[in-house]
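# Structure assessment
The lines below spell out each chain.
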Amino acid sequence: MENLNLNDIEQIMTFYLIFNFVIFACIIYIIISLIFRILSKNKKTDNTNQTNNKKNKSKNKRKKKDIIDLFWTEDKDSKGRTIFKRGFLIVLIVFTLYYIFNSINFMIANIDIVKKVLKIE
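Structure report, in brief. (Residues numbered from 1 in each chain as written. Predicted model: local features only at pLDDT ≥ 70, side-chain atom pairs only at ≥ 80, totals over all residues. Heavy atoms only, no water.)

## Some words on the overall build of the chain
On a plain count of helices and strands, the chain comes out with five helices and zero strands. Its helices and strands in sequence order give the chain the pattern α-α-α-α-α, from N to C terminus. For the chain, the residues scored as buried account for 20% of the 121 residues in total. Of the contacts formed within the chain by residues at least 6 apart in sequence, a portion of 66% connects residues at least 24 apart. For the chain, the accessible surface area stands at approximately 10200 Å², while carbon and sulfur atoms represent 63% of it. (Helix = DSSP H or I, 4+ residues; strand = E, 2+ residues; numbered from the N terminus. Buried < 20%, exposed > 50% of the residue type's maximum accessible area, 1.4 Å probe, protein only. Contact = heavy atoms within 4.5 Å. Areas by Shrake-Rupley, 256 points an atom, 1.4 Å probe, with all protein chains shown as cover.)

Spelled out as structure tokens, the structure:
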């Protein structure tokens with residue numbers, strides 16, 4: 001694969017497989033983060049007294065932000081904005097899963113080329 005040749009179906013399929021793997025890994029990370037965010041929110045409501053003492057200590061620590069913080073955190077100014085952000089995140093997840101489903105169907109339809117690329121006999 002020294003030269004990029006867009007007429008070579010094996011090179012195109014190689015890039016396609018790499019791209020789909022990266023997208024699939026990202027969507028799995030987002031879904032797992034979202035599940036843990038929802039589960040941890042339910043635990044926080046049960047332990048409100050214990051967390052009040054820990055909040056004073058943890059205010060000095062800086063929290064790492066991720067994509068879930070951007071879309072899933074509640075907006076104190078507007079409830080509608082929070083619902084829109086969460087809905088937008090869910091729509092992005094659904095479209096990405098639809099893309100992955102279609103790409104799996106495409107790979108199944110071209111299984112002989114995928115076997116050549118992955119060197120499966």
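On we go from here.
## Here's the deal with the pattern of salt bridges
Evaluated as defined, the whole model comprises one salt bridge. Between R86 and E74 there is a salt bridge, and its shortest N-O distance comes to 3.9 Å. Highlighted residues: R86 in helix α4 (residues 79-109) and E74 in the loop between α3 (67-72) and α4, separated in sequence by 12 residues. (Salt bridge = Lys/Arg side-chain N within 4 Å of Asp/Glu carboxyl O.)

## What to know about the nonpolar core
By size, the foremost hydrophobic cluster in this structure holds 10 residues: I23, I27, I30, L34, I68, F71, W72, L89, I93 and I100. Put simply, the parts of the chain that give this core at least two residues each are α1 (9-46), α3 and α4. In terms of nonpolar packing, the next biggest core, distinct from the first, is built from six residues, M13, M107, I113 and V117 among them. (Core = buried A, V, L, I, M, F, W, Y, C linked by side-chain atoms within 4.5 Å.)

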